[in-house]
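A structural walkthrough
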Amino acid sequence: MTRWNNGRDEVEPVSPDITDETNALPARYFTDPDVHEMEKENVFGRYWVYAGHANCIPEPGDHFTRSIGDREIIIVRTQDGDIEAFYNVCAHRGSAMVEETPMTDPGNASRIQCPYHLWTYDLEGELASTPKSFEDARLNPDLEDEDVSPVDPEENSLMSVHTDRIGPFVFVNFDEEPMSLAEQAGTMKTELESLPLEEYHLSRRIVSEVACNWKVFAGNYSECDHCQTNHQDWVKDLELLDSELEVNDYHWILHYKHREDVEDEMRIHDEHEAKFYYFWPNFTVNMYGTADGYGTYIIDPIDEGRFQLVADYYFRDPDLTEEEETFIRTSRQLQEEDIELVERQQRGLNSGAIAQARLGPNEHTVHRLHRLAQEAYEA
Amino acid sequence: MTHHQQSAFTVACQECSVDMEPDSANEVVDFYRRHRRQTGHDVVLTRADLEFEPPTADDLVTVIADLENRYENGVPIGIVAATMSERGFSVGETLDEIYEVRMTGALYEPRDDHLAAF
Ligand code: FES
Ligand SMILES: [Fe+2]
């Protein structure tokens, strides 16, 4: 049942099973600054988080940066073609090294060099060279040059971050001993890897700031009970009643059946449907039923009341055709419609009236999201 | 965005065709920094309702020295960006210019993201 903050209602944990009880995550988890701070560790510090697309850094030395919570990292293509991630922090005295480099405009460097005292690392993160001033003790009267101990390259390498991939999607994990990406992704990994995702290239990135908690948007993405009334242009090409919402351990899939007249060659996958994957905590893969391309969303929290929606679009040719431009515009329209909804929901939550919402029977995907959040908080 | 009152500023990225209405001038700069980190794009102020006639001087140091009379403890960097936007500068261009001048020592930050001239 719904619980109001009228001084009487107590909140309860998210119901274990949506078939009998339907408690949502208590409302304060969407508005409290302390929750935002806690999530940096318990959510974004522990699960596999999407970092970017391998195709954007094809050559050794290509790199981009990412900030996840308070952590700044560099994602780099190494000499032998792997992709690795390092904290953007120098092993000498802890300076940040590489300037912010977005995935849409990656940098290239044969070495990672700290601008402070010029310690230089190879693409595998190992210390490759230090300036002369670290080899002798010119300025130090208490130390003879020959007593200076050499800097061990291995012991002074950059701090690496676990990375793994689903096809070209690069994920990172800050936990010391994380569960494997394969375990977190389950069948989503095999499904996505059966598609030729790497044949497609980033052609457009649209970044918006939205005035709601990231989980409010995640919840909106995960259900379609609001579609009929709020996405009227979009649903007229769908068989909404034939659609299906499928729940898995750490991901859920929204299958939207199209009306029959969609051309068969217009999509990357075979099914006659659009398939939208939500992957806990904050990544989505959007397989459109009406375009030969796919998209991703990163739902990046800024604080408890705001997030950045990073929408990336991938097509065979990075230069967009007019049709593809139109397609992206339509997708943007959908985003605008949803942004209005989620910002309105956040306003309601911020008012402090509601203590705990209740979920409907077709919001089992939202229920999964709330369960995972609660599990993460309690761990 | 669904604000009841119109905010004094609107900042937009033309490439993404997105905009937002920040609550304060310095939020403009925070938006720019976050947006640039993800995309490399510059952004522009599409509305800046300053409560005063912006100074007419051309060089940044004089502009900031002029604005300093209105603020205690430094001019918010977003107000500088708003003033410079009247002159056709994007937020990124203004911040680059501020950086250049700061490195000459002619400007300093009495507190974070607030500027004062020597
Ligand atoms: S802190 Fe990086 S070289 Fe000194
Ligand atoms: Fe929606």
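Description of the structure in this document. (Residues numbered from 1 in each chain as written. Chains lettered and ligands numbered in written order. Predicted model: local features only at pLDDT ≥ 70, side-chain atom pairs only at ≥ 80, totals over all residues. Heavy atoms only, no water.)

Some thoughts on the overall build of chain A
Assigned secondary structure in chain A consists of 8 helices and 19 strands. Overall, the C-alpha framework of chain A stretches about 80 × 55 × 30 Å when taken along its three principal axes. The 379 residues of chain A split such that 52% are buried. Residue pairs at least 24 apart in sequence account for 63% of intrachain contacts in chain A once pairs closer than 6 positions are excluded. Of the roughly 17400 Å² of accessible surface on chain A, 45% is carried by carbon and sulfur atoms. (Helix = DSSP H or I, 4+ residues; strand = E, 2+ residues; numbered from the N terminus. Buried < 20%, exposed > 50% of the residue type's maximum accessible area, 1.4 Å probe, protein only. Contact = heavy atoms within 4.5 Å. Areas by Shrake-Rupley, 256 points an atom, 1.4 Å probe, with all protein chains shown as cover.)

Some thoughts on the sheet that holds strand S1 (residues 9-13) of chain B
Residue and element names in this part refer to chain B. Pairing in this open sheet of 3 strands is antiparallel, and the strands run S2-S1-S3 from one edge to the other. On the outer flanks of this sheet lie strand S2 (18-20) and strand S3 (44-48), each paired with one strand and no other. Between one strand and the next, the sheet's axes are offset by a mean angle of 25°, whatever the strand orientation. In the packing of helix H3 (residues 77-85) onto the sheet, contacts are made with S1 and S3, and the angle to S3 comes to roughly 90°. (Pairing = 2+ DSSP bridges. Axes fitted to C-alpha atoms, helices over the stretch in contact; angles between N-to-C directions.)

Focus: the packing of aromatic side chains
Residue and element names in this part refer to chain A. Tallied over the full model, the rule gives 29 aromatic pairs over all chains. An angle of 80° between the planes, with centres 6.0 Å apart, marks the rings of phenylalanine 169 and tyrosine 294 as edge-to-face. Pair noted here: phenylalanine 169 is in strand S11 (residues 169-173) and tyrosine 294 is in strand S17 (residues 293-303), with a separation of 125 residues, a long-range link. Classification of phenylalanine 169 by relative accessible area gives buried; the value is 0%. Owing to a relative accessible area of 0%, tyrosine 294 belongs among the buried residues under this scheme. Taken together through their ring pairs, the aromatic side chains of Phe217, Tyr221, Trp234, Trp252, Tyr256, Phe276, Tyr278, Tyr288, Tyr297, Phe307, Phe315 and Phe327 make up a single cluster. Between arginine 28 and the ring centre of tyrosine 29, over which it is positioned, the NZ or CZ distance is 4.7 Å. (Phe/Tyr/Trp six-rings, centres within 6.5 Å; stacked < 30°, edge-to-face > 60°. Lys NZ or Arg CZ within 6 Å of the ring centre and 35° of its normal.)

Side note on the coordination of the iron ion (ligand 2)
Residues and elements named next belong to chain A. At 2.0 to 2.6 Å from the iron ion (ligand 2) lie its protein donor atoms, namely His226 (NE2), His231 (NE2), Asp338 (OD) and Asp338 (OD). Of note is the iron ion (ligand 2), whose 4 donor atoms meet at the metal with angles of 55 to 149° in an arrangement that counts as irregular. Look at where the donors of the iron ion (ligand 2) fall in the sequence and you get H-x4-H-x106-D. One end of the pair, histidine 226, is in the loop between helix H4 (214-222) and helix H5 (227-230); the other, aspartate 338, is in helix H7 (residues 322-350), and 112 residues separate them in sequence. The exposure classification of histidine 226 matches that of aspartate 338, with both residues buried. (Donors = N, O, S within 2.8 Å, 3.2 Å for Na, K, Ca; no water. Tetrahedral: all angles 85-135°; square planar, octahedral: opposite > 155°, others 65-115°.)

Focus on the state of the cysteines
Taken as a whole and judged by the stated rule, the model has 1 disulfide over all chains. Here cysteine 224 of chain A engages in a disulfide with cysteine 227 of chain A; their sulfurs sit 1.9 Å apart. In this structure the cystine formed by cysteine 224 of chain A and cysteine 227 of chain A twists about its S-S bond by roughly -110°; its chirality is therefore left-handed. You'll find cysteine 224 of chain A and cysteine 227 of chain A in the same group, each marked buried. Left without a disulfide partner, cysteine 16 of chain B is nearest to the cysteine sulfur of cysteine 13 of chain B, which lies 4.0 Å away. A relative accessible area of 0% means that cysteine 16 of chain B is categorised as buried. (Disulfide = S-S within 2.5 Å.)

Quick word on helix H8 (residues 364-378) of chain A
All names here are of chain A. Here H8 is 15 residues long and its end C-alpha atoms lie 21 Å apart, about the 21 Å a rise of 1.5 Å per residue gives. Residues Thr365, Val366, His367, Leu369, His370, Leu372, Ala373, Gln374, Ala376 and Tyr377 constitute the buried set of H8. As for H8, its buried residues are in contact with helix H1 (33-42), H4, strand S13 (244-247), strand S14 (251-257) and strand S15 (273-279). (Expected span 1.5 Å × (residues − 1).)

Considering the pairing of strand S16 (residues 283-287) of chain A
Residues and elements named next belong to chain A. When you tally the buried positions in S16, you get 5 out of 5 residues, the bulk of the element. Side chains of S16 alternate between two faces, with Phe283, Val285 and Met287 and Thr284 and Asn286 buried alike. What sits between S15 and S16 in their antiparallel hairpin is a turn of 3 residues. Alignment of S16 against S17, held across 5 bridges, turns out to be antiparallel. Counterpart to phenylalanine 283 in the pairing with S17 is isoleucine 298. With antiparallel pairing between neighbouring strands as the criterion, S16 and S17 make up a hairpin whose turn holds 5 residues.

Concerning the interface of chain A and chain B
Facing 21 residues of chain A, the contacting portion of chain B comprises 19 residues. In total, about 1700 Å² of surface goes out of reach between chain A and chain B, with carbon and sulfur atoms giving 43% of it. Sorting the residues of chain A by area buried against chain B places Glu100, Val207 and Glu209 of chain A first, and these three jointly supply 30% of that buried surface. Viewed at the interface, chain B and chain A are joined by 3 salt bridges. The partner of arginine 34 of chain B in a salt bridge is glutamate 209 of chain A, and the shortest N-O contact between them spans 2.8 Å. Of all the elements in the fold, those that place two or more residues in the side of chain A that touches chain B are strand S3 (62-68), strand S12 (201-210), S17, strand S18 (306-315) and H7 of chain A. Looking at which element gives the most residues to the side of chain A that touches chain B, the answer is S12 of chain A, with 6 residues. For the side of chain A that touches chain B, the residue count by class is 7 nonpolar, 4 polar and 10 charged. (Buried area = accessible area lost by both parts, 1.4 Å probe. Salt bridge = Lys/Arg side-chain N within 4 Å of Asp/Glu carboxyl O. Nonpolar A, V, L, I, M, F, W, Y, C, P; charged D, E, K, R; others polar.)

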